[in-house]
Amino acid sequence: MAELIGVFAASHGPIIARDWETMPRDHRDKLAAAFDEIGRRLRACRPDVLVVVSPDHWVNFFINNLPAICIGIGDEHDGPPEPFMKKVYPHETLKGHAAFGRHVIETALDNEFEPALSHRLRLDHGTCIPLWRAGVDPEMPLVPILVNDLEAPMPSIKRCFAWGRLLRRAIESYPEPLRVAVLATGGLSHSIGEATMGWIDEKFDHACIKHFENGQERQLDTFLTTELDRTGNGAHEIRDWVVAHAAAGSTGFELIDYFPSPATLVGAGFASWRLPAT
Amino acid sequence: MAELIGVFAASHGPIIARDWETMPRDHRDKLAAAFDEIGRRLRACRPDVLVVVSPDHWVNFFINNLPAICIGIGDEHDGPPEPFMKKVYPHETLKGHAAFGRHVIETALDNEFEPALSHRLRLDHGTCIPLWRAGVDPEMPLVPILVNDLEAPMPSIKRCFAWGRLLRRAIESYPEPLRVAVLATGGLSHSIGEATMGWIDEKFDHACIKHFENGQERQLDTFLTTELDRTGNGAHEIRDWVVAHAAAGSTGFELIDYFPSPATLVGAGFASWRLPAT
Amino acid sequence: MTDYWLSKMFFDLQHDPELAKAYCADMAAVIDRYPVKPEVRKALADDDVGTLSPLVNAYLLRFYFQVRGMPEAEFIARLHAIDGGRAKEQVAHG
Amino acid sequence: MTDYWLSKMFFDLQHDPELAKAYCADMAAVIDRYPVKPEVRKALADDDVGTLSPLVNAYLLRFYFQVRGMPEAEFIARLHAIDGGRAKEQVAHG
Ligand SMILES: [Fe+3]
Ligand SMILES: [Fe+3]
């Protein structure tokens, strides 16, 4: 039986990669420390496979076929195509975990979900910045779950909770012994390419963190369903954190760090979920 | 309020288009008569929009991003790309019904479904052979629903029933007066590109028809879930009929015609669903 | 309201460095390959961020103006000027 | 077991008539563009329906042999010969 052994989240703004060498030293140190802590905890739980829940930034999908949720079930994926990513994370290909990916999608289809499937994804900065900064072994087999966080209409928050529970169910029903970790990426508040670009909504971020800490799904659902449309568009990536939250059993997370990061245009958040004792 | 005013199904084997002029006259007459009857009934219910539920035959989607279900929400789609289709159905573009399509996808996302969306689909022979042969006005606005009937793993039969109910719910909650018809395409049994190619499983087809006539979801579900893997791969297209069946309220259909059509490699089936009185 | 072909052109520019180069050399020639409406064409010629903004996804818009070589600070300033700066104002005043 | 790159080549051949023409003229040159394994390459050279069959979707396989110009009757006969004709036999005997 597989086992869920760790659930984490980290921001991923592309400027973290693009301007890593040139950003103010103290700011970079803060980002580095948070990513390092995620990396340290992730390694400590010795995963065999890492499920990465993140958005696709128009790298795999266009509006001619835009999945609400897509699961990567191949044994190989392509590394990040963005020039600024190739500089810092020059992996042409990354490993997939085809057997577990296939189990996730079959479990989904058997339980009233209908994700898209992909035998080969391009994993953009959304997935690869956290892998790079947290020092995840580039040989780690991945099951990417790409959530539509960018283009309306998007999956409801309620459904993202259901996805987290489904993921947990898939882990618990996998017949092989496999240590599975989950990493959600994106958020917290940011605003990209719209009239409020650059805005970091600290009020939203603090309230959001409080709800994740408390754990309770219903309150978090109400908060996000109401507030996401009132803050910057980048905050929609919190959907990925919601999937992670429910996968972890919705008992709340421990904040590793939060600070507004104007240098990378995001409210930078890092967290590690409490797991129910097994 | 929109209204569901007719639900139909028809086979769509590509050879119907490719060899229409050269197939045995009496065989062609039988196919023509069945499609004509579908067309007559469809026109009689005066639809404003036609939802076409069909598979994609590797025209829009590849295994790098294969949706379980994709809904076309654009105001224009591309006509069939197959050379044999261009000959008989030379429409470069077809109309979409963007507003109703958008309502369907929003209703889906609000109700625990996660289809892919498309602002522009290529509508292949699966959609266009029935439109062509039934003489549907080429100006008719369409909402295409493409179901993965071709590549495992596919949506469960149970979920296809849920999709039919969801479609009905979307129709009934649409705020404008709109006469909506549904046309499912594909099936019945056939076998393509596999070791039994050419097999028409009449026993399966007759049993299948009996279950659709009876109406009851549970029995139809059990039958298809058990039997689909034992017959030719083309029969998986019955998923589209299942969506139509549940949209129509699962009270059963009237068979318009069924006959094995070796000339087109399919068990040719044509049907019209009973609708609950409104 | 999503403009499909404008979105498609922005998407293609993001994916194909050769196309992006061709676009920098001769915008009109590349735009000709897409059925883009005259008013949208004009907005492209004018680098009219405000007019293009509602027609495409915000992330594609940002990428497009990177291809155009517009400094991010200028892009942000033009976004903030949309609607007479109303969105920006609202944010500032909570 | 799905062979991604073989599937991709078949898919591309279906979508791009120019590529299909190039394939007819020089198979090896087109195959070179895809990371296809040696044993799969050999099966392509031999029109080995049985070996290719489990590696790609059945519909893509059918389309591929249309591009290859194999008459449908021959394609069907080769499919029926798979596994010593066992599937075909099973059907005949219900
Ligand atoms: Fe992002
Ligand atoms: Fe078909």
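Residues numbered from 1 in each chain as written. Chains lettered and ligands numbered in written order. Predicted model: local features only at pLDDT ≥ 70, side-chain atom pairs only at ≥ 80, totals over all residues. Heavy atoms only, no water.

Asker: So what exactly am I meant to see when it comes to the interface of chain B and chain A here?
Answerer: Each side of the interface is counted separately: chain B has 33 residues, and chain A has 33 residues. Around 2700 Å² of area is buried between chain B and chain A when both sides are counted, 50% of it from carbon and sulfur atoms. Our enumeration of links across chain B and chain A arrives at six salt bridges. Note that Glu112(A) and Arg159(B) form a salt bridge whose closest N and O atoms lie 3.4 Å from each other. In this assembly, chain B and chain A are joined by 14 residue pairs in polar contact (both at pLDDT 80 or more). Broken down by secondary-structure element, the contributors of at least two residues to the side of chain B that touches chain A are β3 (69-72), α4 (98-110), β6 (116-118) and α6 (157-173) of chain B. Tallied by class, the residues present in the side of chain B that touches chain A amount to 20 nonpolar, five polar and eight charged. (Contact = heavy atoms within 4.5 Å. Buried area = accessible area lost by both parts, 1.4 Å probe. Salt bridge = Lys/Arg side-chain N within 4 Å of Asp/Glu carboxyl O. Polar contact = N/O pair within 3.5 Å; in protein donor to acceptor, adjacent residues only side chain to side chain. Helix = DSSP H or I, 4+ residues; strand = E, 2+ residues; numbered from the N terminus. Nonpolar A, V, L, I, M, F, W, Y, C, P; charged D, E, K, R; others polar.)

Asker: Can you help me understand the packing of helix α6 (residues 58-67) of chain D against helix α7 (residues 72-80) of chain D in this one?
Answerer: The angle between the axes and the distance between the axes are what describe a pair of packed helices. Residues and elements named next belong to chain D. Interhelical geometry of α6 versus α7 gives an angle of 135 degrees and a closest axis separation of 10 Å. Relative to α7, α6 is oriented oblique. Crossing hand, α6 versus α7: right-handed. Across from Leu61, Arg62, Phe65 and Gln66 in α6, the residues of α7 making contact are Glu72, Phe75 and Leu79. Taken together, the residues of the contact of α6 with α7 sort by class into four nonpolar, one polar and two charged. (Axes fitted to C-alpha atoms, helices over the stretch in contact; angles between N-to-C directions. Parallel < 35°, antiparallel > 145°, perpendicular 65-115°, else oblique. Left-handed = near helix turned anticlockwise from the far one by under 90°.)

Asker: I'm lost on the packing of aromatic side chains in this one. Help?
Answerer: The geometry of two aromatic rings is summed up by the distance between their centres and the angle between their planes. Throughout the structure, instances matching the rule amount to 40 aromatic pairs over all chains. Members of the aromatic cluster, connected to one another through ring pairs, are Trp58(A), Phe62(A), Tyr4(C), Trp5(C) and Phe11(C). In this structure, Arg159(A) is placed above the aromatic ring of Phe113(A), and the distance from its NZ or CZ to the ring centre is 3.8 Å. (Phe/Tyr/Trp six-rings, centres within 6.5 Å; stacked < 30°, edge-to-face > 60°. Lys NZ or Arg CZ within 6 Å of the ring centre and 35° of its normal.)

Asker: Is there a simple way to think about the coordination of the iron ion (ligand 2) in this case?
Answerer: Residue and element names in this part refer to chain B. Every protein donor of the iron ion (ligand 2) is accounted for by His12 (NE2), His57 (NE2) and Glu237 (OE), and the metal-donor separations fall at 2.0 to 2.1 Å. Coordination of the iron ion (ligand 2) draws on donor residues from a single chain, spaced H-x44-H-x179-E in sequence. Linking His57 in the loop between β2 (49-54) and β3 with Glu237 in the loop between α8 (217-227) and α9 (238-247), this pair joins segments that are 180 residues apart in sequence. Note on His57: relative accessible area 7%, which makes it buried. Exposure remark for Glu237: the relative accessible area of 1% places this residue in the buried category. (Donors = N, O, S within 2.8 Å, 3.2 Å for Na, K, Ca; no water. Buried < 20%, exposed > 50% of the residue type's maximum accessible area, 1.4 Å probe, protein only.)

Asker: Explain the coordination of the iron ion (ligand 1) to me, please; I cannot follow it from the model alone.
Answerer: Metal coordination angles have textbook ideals: 109.5 degrees for a tetrahedral set of four donors and 90 or 180 degrees for an octahedral set of six. Residues and elements named next belong to chain A. Around the iron ion (ligand 1), the protein contributes the donor atoms His12 (NE2), His57 (NE2) and Glu237 (OE), which lie 2.0 to 2.2 Å from the metal centre. All donors of the iron ion (ligand 1) belong to a single chain; written as a sequence motif, their spacing is H-x44-H-x179-E. Of this pair, His12 sits in the loop between β1 (3-10) and α1 (15-18) while Glu237 is found in the loop between α8 (217-227) and α9 (238-247), placing the two residues 225 residues apart along the sequence. Note on accessibility: His12 and Glu237 belong to one class, buried.

Asker: Mind showing me how you'd approach unusual backbone geometry here?
Answerer: Generally, phi is negative for residues other than glycine and the peptide bonds are trans, each holding for most cases. For the bond running from Gly187(A) to Leu188(A), omega is -15 degrees, close enough to zero to count as cis. Counting through the fold element by element, Leu188(A) comes out in the loop between β8 (179-185) and α7 (202-214). With a phi angle near 45 degrees, Arg46(B) is a residue other than glycine that sits in the positive phi range. Relative to the elements of secondary structure, Arg46(B) occurs in the loop between α2 (25-44) and β2. One non-glycine residue, Leu265(B), lies in positive phi territory at about 70 degrees. Along the polypeptide, Leu265(B) turns up in the loop between β9 (253-261) and β10 (266-273). Exposure remark for Leu265(B): the relative accessible area of 11% places this residue in the buried category.

Asker: Please explain the pattern of salt bridges as it appears in this structure.
Answerer: Should their charged atoms come close, side chains of opposite charge can pair. Counted according to the given criterion, the structure contains 52 salt bridges over all chains. As a salt-bridge pair, Glu139(B) and Lys95(B) come within 2.6 Å of each other at their nearest N and O atoms. Residue Glu139(B) is located in the loop between α5 (125-133) and β7 (142-147), and its partner Lys95(B) is located in strand β5 (residues 93-95); the two are separated by 44 residues in the primary sequence. Relative accessible area serves as the criterion here: at 37%, Lys95(B) is assigned to the partly exposed category. With its nearest N and O atoms 2.9 Å apart, the salt bridge here joins Lys8(D) to Asp12(D). Here Asp12(D) and Lys8(D) lie together in helix α1 (residues 4-15), a separation of four residues that amounts to about one turn. We classify Lys8(D) as partly exposed; its relative accessible area is 23%.

Asker: I would appreciate a short explanation of the sheet that holds strand β6 (residues 116-118) of chain A in the present structure.
Answerer: Strand-to-strand pairing in sheets goes through backbone hydrogen bonds, with the strands running parallel or antiparallel. Residues and elements named next belong to chain A. Spatially, the eight strands line up as an open sheet ordered β6-β3-β7-β2-β8-β1-β10-β9, and their pairing is mixed. Whereas interior strands pair on both sides, the edge strands pair on one side only; in this sheet they are β6 and β9 (253-261). Ignoring strand direction, the axes of neighbouring strands in this sheet form an average angle of 15 degrees. Sheet topology note: the strand β3 (residues 69-72)/strand β7 (residues 142-147) ladder contains three bridges and is antiparallel. The residue of β7 that forms the bridge with Ile71 is Ile145. Sitting on the sheet, helix α6 (residues 157-173) touches β1, β2 (49-54), β3, β7 and β8, and the angle it makes with β1 is about 145 degrees. (Pairing = 2+ DSSP bridges.)

Asker: Can you walk me through the pairing of strand β8 (residues 179-185) of chain B in this structure?
Answerer: Consecutive side chains along a regular strand alternate between the two faces of the sheet. All names here are of chain B. Among the seven residues of β8, six are classified as buried, and the element is accordingly described as predominantly covered. Pairing of strand β1 (residues 3-10) with β8 involves seven bridges; the strand directions are parallel. Residue pairing in the sheet places Glu3 in a bridge with Arg179 of β8. Both β2 and β8 contribute to a ladder of five bridges, which runs parallel. In the sheet register, Val49 faces β8, and the bridge partner there is Val180.

Asker: What is the right way to look at the relation of the copies chain B and chain A in this model?
Answerer: These two copies of the chain differ by a rotation about an axis and a displacement along the same axis. Superposition record for chain B on chain A: RMSD 0.0 Å, screw rotation 180 degrees, translation along axis 0.0 Å. Both chain copies can therefore be described as sitting about a two-fold axis. In this assembly, 100% of the residues forming the interface of chain B have copies in chain A that are likewise at the interface, indicating an isologous arrangement. (Least-squares fit on C-alpha atoms with pLDDT ≥ 70 in both.)

Asker: Could you clarify how one ought to interpret the interface of chain C and chain A in this entry?
Answerer: How big an interface is tends to be expressed through the accessible area that disappears when the partners come together. Across the contact, 23 residues belong to chain C and 25 residues belong to chain A. Across the chain C/chain A interface, buried area totals approximately 2000 Å², and carbon plus sulfur atoms make up 65% of it. For chain C, the biggest contributors to the area lost against chain A are Tyr59(C), Arg62(C) and Val91(C); these three give 30% of the whole. Here chain C and chain A share one salt bridge between them. Where chain C meets chain A, there are six residue pairs in polar contact (both at pLDDT 80 or more). Of the residues in the side of chain C that touches chain A, the class split is twelve nonpolar, seven polar and four charged.

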